[in-house]
Amino acid sequence: VDVYSGSAAVKNGDMVRTGDVVISSEVASEYAAARYVRASGVVKGTTWYTIKLNIPLTKHIKEPTGKENTVKSIIFSGKRINLSILYGIPYEFYDKITSYENFSLPGGYVLPFTVAKETFKEIKLVKTAVDKNDALANAHERIKSLVESELEEDESIDDIRVDSYVQDDVLIVRAYIQCSEILAQ
């Protein structure tokens with residue numbers, strides 16, 4: 001506790017909670033009655049956080065099947081006119097690639113329509129396992145990044161302890177983080 005005016009209401013090492021008075025506006029004197037000033041100063045302390053993450057140990061990877069369907073249409077005055085007889089998406093899972101082409105006459109006059117080309121490429125979703133150690137390492141980095149993004153320039157992470165276990169194909173990670181922070185100023 002660095003007191004600029006007022007008096008410290010706590011000592012170094014005391015535990016405090018949100019709302020506790022750490023710098024009092026009362027200044028005592030041996031020779032006169034107590035007087036009151038605007039309390040100011042900087043309070044630095046150690047804080048603890050708990051973060052819990054649930055990380056699935058399976059993921060779906062997109063694999064192209066090689067099948068694709070292309071549909072062309074003309075867009076004129078904001079209206080779409082399909083040029084394909086069968087318009088629709090014949091696949092359950094797909095990637096969609098859309099491109100637009102404008103046309104112009106010699107001399108730079110742009111024609112008032114656009115040709116749109118939509119290509120639907122079928123994909124299948126393949127379920128794959130995620131390595132538990134890789135998932136745990138990624139969780140540790142995510143937790144560290146999350147906490148660091150909340151800290152100010154002169155604040156720091158002092159320690160991170162991680163517990164984890166697997167339940168129903170989900171890695172459950174609980175992190176206990178100890179930080180040095182400015183609590184008030």
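Quick summary incoming for the structure in this document.

Thresholds, definitions, all that
- Residues numbered from 1 in each chain as written.
- Predicted model: local features only at pLDDT ≥ 70, side-chain atom pairs only at ≥ 80, totals over all residues.
- Heavy atoms only, no water.
- Helix = DSSP H or I, 4+ residues; strand = E, 2+ residues; numbered from the N terminus.
- Rg over C-alpha atoms; globule rule 2.2 N^0.38 Å.
- Buried < 20%, exposed > 50% of the residue type's maximum accessible area, 1.4 Å probe, protein only.
- Pairing = 2+ DSSP bridges.
- Axes fitted to C-alpha atoms, helices over the stretch in contact; angles between N-to-C directions.
- Expected span 1.5 Å × (residues − 1).
- Arc of directions from axis to C-beta.
- Contact = heavy atoms within 4.5 Å.
- Polar contact = N/O pair within 3.5 Å; in protein donor to acceptor, adjacent residues only side chain to side chain.
- Phe/Tyr/Trp six-rings, centres within 6.5 Å; stacked < 30°, edge-to-face > 60°.

## What to know about the overall build of the protein chain
Check the secondary structure of the protein chain and you find 1 helix and 12 strands. Mapped in sequence order, the helices and strands of the protein chain form the string β-β-β-β-β-β-β-β-β-β-α-β-β. Taking 185 residues into account, the globule formula puts the C-alpha radius of gyration at 16 Å, and the protein chain, at 32 Å, lies well above it. Over its C-alpha atoms, taken along the principal directions, the protein chain stretches across nearly 100 × 55 × 25 Å. By residue count, 21% of the 185 residues in the protein chain fall in the buried class.

## Things to note about the sheet that holds strand β11 (residues 156-167)
On the basis of which strands lie adjacent, the open sheet formed by 4 strands has the order β1-β6-β12-β11 and antiparallel pairing. The sheet terminates laterally at β1 (2-5) and β11, the two strands that pair on one side only. In this sheet, neighbouring strand axes are inclined to one another by 25° on average, regardless of whether the strands run parallel or antiparallel. Across 14 bridges, the pairing between strand β6 (residues 40-56) and strand β12 (residues 170-184) is antiparallel. The partner of isoleucine 51 across the bridge, within β12, is alanine 175.

## Notes on helix α1 (residues 132-150)
Compared with the 27 Å implied by 1.5 Å per residue over 19 residues, the 27 Å span of α1 between its first and last C-alpha is a close match. Along α1, the residues classified as buried are Ala135, Ala139, Ile143 and Val147. Considered in projection along α1, the buried side chains sweep an arc of 100° and stay on one side of the axis. Residues of α1 that are exposed and point more than 90 degrees away from the buried face comprise Asn133, Asn138 and Ser149. Where α1 is buried, its residues contact β6, β11 and β12. The N-cap residue of α1 is aspartate 131: its side-chain oxygen and the backbone nitrogen of asparagine 133 are 3.2 Å apart.

## Some points on the packing of aromatic side chains
Under the defined criterion, the tally for this structure stands at 2 aromatic pairs. Between the aromatic rings of tyrosine 94 and phenylalanine 120, the centroid separation amounts to 5.6 Å while the plane-to-plane angle is 75°, which identifies the pairing as edge-to-face. Of this pair, tyrosine 94 sits in strand β9 (residues 94-104) while phenylalanine 120 sits in strand β10 (residues 110-129), and the two are 26 residues apart along the sequence. Note on phenylalanine 103 and phenylalanine 113: the rings are 5.9 Å apart at their centroids and 35° apart in plane angle, and the pair reads as tilted. Placement of the pair is phenylalanine 103 in strand β9 and phenylalanine 113 in strand β10, with a sequence separation of 10 residues. Judged by its relative accessible area of 30%, phenylalanine 103 falls in the partly exposed class. A relative accessible area of 25% places phenylalanine 113 in the partly exposed class.

## Points about the sheet that holds β9
A sheet is described by the order of its strands in space; here 4 strands give the open sequence β8-β7-β10-β9, paired in antiparallel fashion. On the outer flanks of this sheet lie β8 (79-82) and β9, each paired with one strand and no other. Here the average twist between neighbouring strands, direction ignored, is 35°. Where strand β7 (residues 58-76) lies against β10, 16 bridges are found, and the strand directions are antiparallel. The residue bridging isoleucine 75 from the neighbouring strand is threonine 114, located in β10.

## Overview of the side chain of serine 24
For serine 24, the location among the structural elements is in strand β3 (residues 23-24). A distance of 3.1 Å separates a polar atom in the side chain of serine 24 from the backbone nitrogen of glutamate 26. Not counting residues up to four positions away in its chain, the partners in contact with serine 24 are Gly6, Ser7, Ala9 and Ala39.

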